[in-house]
Amino acid sequence: MTTKEVIDGVTMKRAITRITYEIIERYQGIENVVLIGIKTRGIFIAQRIAERLKQLENIDIPVGELDITLYRDDKKNQADEAEVHASNIPFSLEGKEVILVDDVLFTGRTIRAALDAIMDVGRPKRIGLAVLVDRGHRELPIRADFVGKNIPTALAEEIIVEMEESDAKDRIMIRKGEEE
């Protein structure tokens, strides 16, 4: 297997800034917007978007953390073994414009699980989706509202997002697997 960097830290920062500007344009008046990052890297991306919103609009946007482990439909047999992290959403979602944030959009199953988890927490006015990378190959009818980069991939490939907060470096790589 070979791994190749396709996006460096500077380009990643630009992609997050572009997402931030698109959020400002779509939600003119972002006072009712909350960001919820899907563990783990989605949280870091949501925090960075909130920081940029603070710089650009001088508004503190609440950021929550969502753990979807127990909502995964592809992990049912492993439920007893699943490592569960607590979600942390210390604000009401009632009537809010929620933007779910994740690092990579692939099959759509993570987002489906996140939607179930959100509805167990509260009833937002609307839910949007921001992703750093959309790699295609959807299995469910889910589409991102805000995309940092579209990176078409083969099914045998893997997108690896590294972030300074957890990996000491910002970059996105593609790992090419064995062709079937």
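Heads up: these notes are all about the structure in this document. These numbers were taken from a predicted model, which means no experiment stands behind them. (Residues numbered from 1 in each chain as written. Predicted model: local features only at pLDDT ≥ 70, side-chain atom pairs only at ≥ 80, totals over all residues. Heavy atoms only, no water.)

1. Digging into the nonpolar core
Residues Leu-35, Ile-49, Ile-99, Leu-132 and Ile-172 are the most contacted members of the largest nonpolar core, which totals 32 residues. Contributions of two or more residues to this core are made by helix H1 (9-26), strand S2 (33-38), helix H2 (41-57), strand S4 (97-105), strand S5 (126-134), strand S7 (157-162) and strand S8 (171-176). Discounting chain neighbours no more than four positions away, the residues touching Leu-132 are Met-12, Ala-15, Ile-16, Ile-19, Ile-45, Asp-102, Asp-103, Gly-148, Lys-149, Val-161 and Ile-172. Counting 21 residues, the second-largest nonpolar core is a separate cluster that includes Val-34, Leu-93, Leu-100 and Ala-114. (Core = buried A, V, L, I, M, F, W, Y, C linked by side-chain atoms within 4.5 Å. Buried < 20%, exposed > 50% of the residue type's maximum accessible area, 1.4 Å probe, protein only. Helix = DSSP H or I, 4+ residues; strand = E, 2+ residues; numbered from the N terminus. Contact = heavy atoms within 4.5 Å.)

2. Concerning the side chain of Glu-162
Within the secondary structure, Glu-162 sits in strand S7. A residue is classified by how much of its surface remains accessible, and Glu-162, at 16% relative accessible area, is buried. Apart from residues lying up to four places away in sequence, Glu-162 is in contact with Met-12, Arg-41, Asp-167, Lys-169, Asp-170, Arg-171 and Met-173.

3. Focus on the packing of H1 against H2
Helix packing geometry: the angle between the two helix axes and the distance between the axes. Where H1 meets H2, the axes come as close as 9 Å, and the angle between the chain directions of the two elements is 60 degrees. Relative to H2, the element H1 lies oblique. With respect to the hand of their crossing, H1 and H2 are arranged in right-handed fashion. For the pair H1 and H2, the contacting residues are Met-12, Ile-16, Thr-17, Ile-19, Thr-20, Tyr-21, Ile-23 and Ile-24 in the first and Ile-45, Arg-48, Ile-49, Arg-52, Leu-53, Leu-56 and Glu-57 in the second. (Axes fitted to C-alpha atoms, helices over the stretch in contact; angles between N-to-C directions. Parallel < 35°, antiparallel > 145°, perpendicular 65-115°, else oblique. Left-handed = near helix turned anticlockwise from the far one by under 90°.)

4. Things to note about the sheet that holds S8
Taken in spatial order, the 3 strands make up an open sheet running S1-S8-S7, and their pairing is antiparallel. The open sheet is flanked by strand S1 (2-7) and S7, the only strands paired with a single partner. Pairwise comparison of adjacent strand axes, ignoring direction, gives a mean angle of 30 degrees for this sheet. Bridge count between S1 and S8: 5 bridges; the pairing is antiparallel. The residue bridging Glu-5 from the neighbouring strand is Met-173, located in S8. Helix-sheet contacts for H1 involve S1, S7 and S8, and the interaxial angle to S1 is about 50 degrees. (Pairing = 2+ DSSP bridges.)

5. Structural notes on the environment of Gly-9
Looking at the secondary structure, you find Gly-9 in helix H1. Spatially, the C-alpha atoms of Gly-9 and Gly-136 are 22 Å apart, while their sequence positions differ by 127 residues.

6. Details of the pairing of strand S3 (residues 63-66)
Of the two faces of S3, only one is covered, namely that formed by Gly-64 and Leu-66; the face formed by Val-63 and Glu-65 stays uncovered. For S2 and S3, the ladder comprises 4 bridges, and the chain directions are parallel. Bridge pairing links Gly-37 to Glu-65 in S3. In this fold, the crossover linking S2 to S3 by way of H2 has right-handed handedness. (Right-handed = clockwise from strand over helix to strand, strands pointing away.)

7. Quick look at the environment of Glu-25
The residue Glu-25 is located in helix H1 in this model. Owing to a relative accessible area of 58%, Glu-25 belongs among the exposed residues under this scheme. Each C-alpha atom, one on Glu-25 and one on Lys-149, is 18 Å from the other, the two residues being 124 residues apart in sequence.

8. Focus on the packing of aromatic side chains
Per the counting criterion, the structure on display carries 1 aromatic pair. Considering the side-chain rings of Tyr-27 and Phe-146, the 6.2 Å spacing of their centres and the 45 degrees angle between planes classify their relative orientation as tilted. Remark: Phe-146 occurs in strand S6 (residues 146-150) and Tyr-27 occurs in the loop between H1 and S2; sequence separation between them is 119 residues. For the pair Tyr-27 and Phe-146, a shared accessibility class is recorded, and that class is buried. Its end group placed over the ring of Phe-106, Arg-135 keeps NZ or CZ at 3.8 Å from the ring centre. (Phe/Tyr/Trp six-rings, centres within 6.5 Å; stacked < 30°, edge-to-face > 60°. Lys NZ or Arg CZ within 6 Å of the ring centre and 35° of its normal.)

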